[in-house]
Amino acid sequence: MDQLDTAYLVETPEGIDLQAQLAGPVVRAIAYSIDVLIRSVVMLVVWVVLIFAGNVGIGIILLLSFLLEWFYPVLFEVYNNGQTIGKKYMGLTVVNGDLTPINWGASLTRNLLRFADFLPFSYLGGLLSMTLTKKFQRLGDLAVGSLVIYKPEVRKQAVLPECLPRPPSIPLTLEDQIAIIGFTERHNDLSYDRQKELAHILSDVTELDAEKNIQYLRGVGSWLLGVR
Amino acid sequence: MDLSRINVKPRIRNAWESIDLGFMMAKSWWWVLFASWFIPAAIVYTILTIIFYDDNWLAVVITWWLKPLFDRAPLFIASRKLFSEDVTIRETLKALPRLYKTDIFPWLLWRRFSLTRSFDMPITVLETLKGKQRTRRMMTLHQNTSGPATWLTIVCVNLEMVIWLGVLGFFMLLLPEEIDINLMDVIIDEGMIAQLISGSIQFFAMALIAPFYTMAGFALYINRRIRLEAWDLEIRFRHLADTQIRKMIASSSVVLLLVSVVFLVIPQNTYAGSNESLTPEQSQVLIKEVLEGDDFHKKITEKGWRLKNISEKEEEELEGIPDWLISLIKFIESIFGDMEFDDKDESSNNLAAILELLLWLLAAVVVIYIIYWVLKFYGVIVPRKKAAIDDLAPPPEILFGLDVRKDSIPDDVAGEVMNLWSKGRHREAVGLLYRSTLSLLIHHFSFKFYDGHTEQECAGIVKQSGNLDLSNYVGLITRNWQKIAYAHQVPVESDIQLLCDKWKEVSVSEK
């Protein structure tokens, strides 16, 4: 069954599957707004400082606003792991289609093509393109094959419940192992009643009653995580 | 609710990811969702337009106000589609009165301006909770999701505006210049036609955004439930239990089968009981079947723009085209042949490659120019005319911090040195002698020393010249100078005496 998901898979030549979560229009629009806000504040400060410098000041203002508009995203993307400040705040990052870090050429092109995304009004083109393409790409992204993905969060080690680690009594598939580990790690997030229900599903396999089954499954989960 | 039939990947997402998932849901179920929102809303909007034919903005505002009702039909469909149940438009329209009835007044009055509308709506429509129960349920669901839900609403409001102004602006762009209309005039125009056009575009913008907005809210809601109720775990556990039970049944039936076989046909082939052992012929058939299956016959269609291969063309066709043009095209082709495209089915990649190439060329030119300019500035690259003058470059005035100009050297060097030595100012004495030697080497013997040379290198240059007496002399004074300058060891007096005695002889000797 083909389930809907925003995951994007890449297989490396070594046969390793890399997975990334694609970022859609809403979160990107917010990240963009943050960047616009930052740029506006910077320009406002520059404007206040330089407006008294006469024509030279205006010239510098124009030059700076040009550079800021076109190179702020490029420089941040190339030198800051594909993240402008807005993207960093929203946990996004720009990568090439094969999930390698974005390079100069790609970043420059995708950002120069913002003018195409802007048409006909306020990034309507880009929003349409982002919504309609499979990988949430705006026109600039399509041109160079770049993607905007969620930067994987560094997962904190969950606090494991106190229990006796036990090896599983039957061979488990990878997905089953992950599920049992999840059951163990989420012992604080799930209500106890719900945990009983979940454990009850497996009582035919373990031949234990629900309460003991919770302890048993937690034990297996800890064992799978390497607790001995 | 049969979780095993769930249509989205059940995993824990952060709130933003679930909004994206909602957009995907809206896309893949687009037409039903859109129709279920559009049909009732369009009927209402049309009637209102007829009633308020002079003030279309009223029709727009009232339709907009009724959005909490219209949003319920897509939600109803999605709740079925999520578990792979098919719902037709007809069924949905029939269910509308029931759907609209729940909590109609709160949603149209004080909850109309709730910023988390699409996220809260499932509690009303799908769980049909009211009053205190609803409040408690909302508190549970809202933790760390109300922020993104609010932002979702704000972004969608803006998207509607962008579509409205964008479509209007787009038509403006298409008008010939002779027709002088300002965008702002159309927006604030009070004329009936202008209002109708502008209002209808606004209505379509609402209809386009609504499925995305409701689905994103629904996905946020589903995500909360997946997290709180661990749907992902339930699905896996059920699967595990199922397979285990099936295995148990299977193994017990194998035992049964074996037992019966043993009883019935003891002397015969005991392989018959287990289906795992096949004869070679059977295996052959099975292998053939697998090889003919879909797994080994994948067909992939690739479409895209490629440069044509000129060399494959008939030679006659190329007559009349200059050779250089052909080789240029071949050259370009060879460049593109080497390029790897990330995504072969995007025709825009060729344009991108050309653009990239141009940008790289520009960058290369700029870089080369900068390198040239810098090298020229530091005199590493020098025009040929200047190269000849280089031999005439003035000799250095200071070497390792020592003044080696000719006129800084006293006339009677030997006398001065011995004078300083006898006063115990050994360092100054040796320094003066060494300085004088260097000056002598530069001005009298015309050796070429540069700022970068060390004492040892200077001595080496002298040695290379082949003048044995001179190089011995320079070697000795250099060693003594290094001793006192760097090691603070006072040289033996006899050495200095010898050097001073020889000074006269050396300073007037032939080059």
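Parameters and conventions
- Residues numbered from 1 in each chain as written.
- Chains lettered and ligands numbered in written order.
- Predicted model: local features only at pLDDT ≥ 70, side-chain atom pairs only at ≥ 80, totals over all residues.
- Heavy atoms only, no water.
- Helix = DSSP H or I, 4+ residues; strand = E, 2+ residues; numbered from the N terminus.
- Buried < 20%, exposed > 50% of the residue type's maximum accessible area, 1.4 Å probe, protein only.
- Contact = heavy atoms within 4.5 Å.
- Areas by Shrake-Rupley, 256 points an atom, 1.4 Å probe, with all protein chains shown as cover.
- Axes fitted to C-alpha atoms, helices over the stretch in contact; angles between N-to-C directions.
- Parallel < 35°, antiparallel > 145°, perpendicular 65-115°, else oblique.
- Nonpolar A, V, L, I, M, F, W, Y, C, P; charged D, E, K, R; others polar.
- Buried area = accessible area lost by both parts, 1.4 Å probe.
- Salt bridge = Lys/Arg side-chain N within 4 Å of Asp/Glu carboxyl O.
- Polar contact = N/O pair within 3.5 Å; in protein donor to acceptor, adjacent residues only side chain to side chain.
- Left-handed = near helix turned anticlockwise from the far one by under 90°.
- Phe/Tyr/Trp six-rings, centres within 6.5 Å; stacked < 30°, edge-to-face > 60°.
- Lys NZ or Arg CZ within 6 Å of the ring centre and 35° of its normal.
- Pairing = 2+ DSSP bridges.
- Patch = residues over 30% accessible without salt bridge, like charges linked within 9 Å, V, L, I, M, F, W, Y side chains within 5 Å.

Enquirer: Would you mind going over the overall build of chain B with me for this structure?
Expert: A tally of helices and strands in chain B yields 22 helices and two strands. Within the span of chain B, comprising 511 residues, buried residues form 40% of the whole. Within chain B, residue pairs in contact and separated by at least 24 positions form 71% of the contacts whose partners lie at least 6 positions apart. Surface accessibility of chain B: about 31,600 Å² in total, with carbon and sulfur atoms responsible for 62%.

Enquirer: Just checking my understanding: could you explain the packing of helix 20 (residues 455–464) of chain B against helix 21 (residues 468–486) of chain B for this structure?
Expert: Two numbers describe a pair of packed helices, the interaxial angle and the distance between the axes. All names here are of chain B. At a minimum axis separation of 9 Å, helix 20 and helix 21 run at an interaxial angle of 175°. Viewed along their axes, helix 20 and helix 21 adopt a mutual orientation that is roughly antiparallel. Taken together, the residues of helix 21 that come into contact with helix 20 (itself represented by Glu 455, Gln 456, Ala 459, Val 462 and Lys 463) are Leu 470, Ser 471, Val 474, Thr 478, Trp 481, Gln 482 and Tyr 486. When grouped by side-chain class, the residues that make up the contact of helix 20 with helix 21 number six nonpolar, four polar and two charged.

Enquirer: It is not clear to me how the interface of chain B and chain A should be interpreted in this structure. Could you clarify?
Expert: The figure often quoted for interface size is the accessible area lost as the parts come together. Residue-level contacts link 61 residues of chain B with 57 residues of chain A. Counting the surface lost from both chain B and chain A, the interface buries some 4,900 Å², and carbon and sulfur atoms represent 68% of this. Joining chain B to chain A, the criterion identifies five salt bridges. For the interface between chain B and chain A, the tally reads 16 residue pairs in polar contact (both at pLDDT 80 or more). Of all elements in the fold, only helix 1 (15–28), helix 10 (146–174), helix 12 (192–229), helix 13 (231–264) and helix 16 (348–377) of chain B reach the threshold of two or more residues within the side of chain B that touches chain A. It is helix 13 of chain B that provides the largest number of residues to the side of chain B that touches chain A, a total of twelve residues. Considering only residue class, the side of chain B that touches chain A consists of 36 nonpolar, nine polar and 16 charged.

Enquirer: Got a minute to help me understand the packing of helix 2 (residues 30–51) of chain B against helix 6 (residues 89–101) of chain B in this structure?
Expert: Residue and element names in this part refer to chain B. Helix 6 packs onto helix 2 with a crossing angle of 55° between their chain directions and a minimal axis gap of 11 Å. Judged by the inter-axis angle, helix 2 sits oblique to helix 6. Seen along the crossing, helix 2 lies across helix 6 with a hand that is right-handed. Touching Val 32, Ala 35, Ser 36, Ile 39 and Pro 40 of helix 2 are Ile 89, Thr 92, Leu 93, Leu 96 and Tyr 100, all from helix 6. Grouping the constituent residues of the contact of helix 2 with helix 6 by class yields eight nonpolar, two polar and no charged.

Enquirer: I tried to follow the side chain of Ser146(A) on my own but got confused; where do I start?
Expert: Residues and elements named next belong to chain A. The residue Ser 146 is located in the loop between helix 7 (139–144) and strand 4 (147–150) in this model. Relative accessible area serves as the criterion here: at 0%, Ser 146 is assigned to the buried category. In this view, Ser 146 contacts Val 94, Val 95, Asn 96, Gly 97, Ile 102, Arg 110, Gln 137 and Asp 141; residues no more than four positions away in its chain are not counted.

Enquirer: Is there a simple way to explain the packing of aromatic side chains in this structure?
Expert: The geometry of two aromatic rings is summed up by the distance between their centres and the angle between their planes. All names here are of chain B. For the coordinates displayed, the defined rule picks out 27 aromatic pairs over all chains. Put simply, the rings of Phe 23, Trp 30, Trp 31, Phe 34, Trp 37, Phe 38, Tyr 45, Phe 70, Phe 203, Phe 204 and Phe 212 pair up and form one aromatic cluster. Between Arg 112 and the ring centre of Trp 64, over which it is positioned, the NZ or CZ distance is 4.1 Å.

Enquirer: Explain the pattern of salt bridges here, please?
Expert: Two side chains of opposite charge can pair, provided their charged atoms sit close to one another. Per the stated rule, a full pass over the model turns up 24 salt bridges over all chains. In this structure, Asp5(A) and Arg13(B) form a salt bridge, with 2.7 Å as the shortest nitrogen-oxygen distance. One end of the pair, Asp5(A), is in the segment before strand 1 (7–11); the other, Arg13(B), is in the segment before helix 1, on a second chain. We classify Asp5(A) as buried; its relative accessible area is 12%. Residue Arg28(A) pairs with Asp141(A) through a salt bridge whose shortest N-O separation is 2.9 Å. Here Arg28(A), found in helix 1 (residues 25–50), pairs with Asp141(A), found in helix 7; they are 113 residues apart in sequence, far enough to count as distant. Under the relative-accessibility criterion, Asp141(A) is labelled buried at 0%. In this structure, a network of salt bridges that share partners links the residues Arg28(A), Glu77(A), Lys87(A), Arg110(A) and Asp141(A).

Enquirer: Help me out: how do you make sense of the pairing of strand 2 (residues 17–21) of chain A in this one?
Expert: Within a regular strand, side chains alternate between the sheet's two faces. Residues and elements named next belong to chain A. Bridge count between strand 1 and strand 2: five bridges; the pairing is antiparallel. When the bridges of strand 2 are listed, Glu 11 appears paired with Asp 17. Following strand 1, the chain reverses through five residues before pairing antiparallel with strand 2; Gly 15 in that reversal takes a positive phi of roughly 85°.

Enquirer: Before we go on, may I ask you to explain a nonpolar patch on the surface in this structure?
Expert: A surface patch of nonpolar side chains, amounting to about 1,200 Å² of accessible area, comprises Leu362(B), Val366(B), Tyr369(B), Ile370(B), Tyr372(B), Trp373(B), Val374(B), Phe377(B), Tyr378(B), Val380(B) and Ile381(B). Tracing the chain through its elements places Val380(B) in the loop between helix 16 and helix 17 (384–389).

Enquirer: It is not clear to me how the pairing of strand 3 (residues 92–95) of chain A should be interpreted in this structure. Could you clarify?
Expert: Residue and element names in this part refer to chain A. Of the two faces of strand 3, the one holding Leu 92 and Val 94 and the one holding Thr 93 and Val 95 are both buried throughout. Bridge analysis of strand 3 against strand 4 gives four bridges, and the strand direction is antiparallel. By the bridge assignment for strand 4, Val 94 is matched with Val 148.

Enquirer: Help me understand unusual backbone geometry in this model?
Expert: What is expected of a backbone is that most residues other than glycine have negative phi and most peptide bonds are trans. One non-glycine residue, Leu99(A), lies in the positive phi region at around 70°. Mapped onto the fold, Leu99(A) is located in the loop between strand 3 and helix 4 (104–112). One non-glycine residue, Ala230(B), lies in the positive phi region at around 55°. Assignment of secondary structure puts Ala230(B) in the loop between helix 12 and helix 13.

Just geometry here; none of it tells us what the structure is for.
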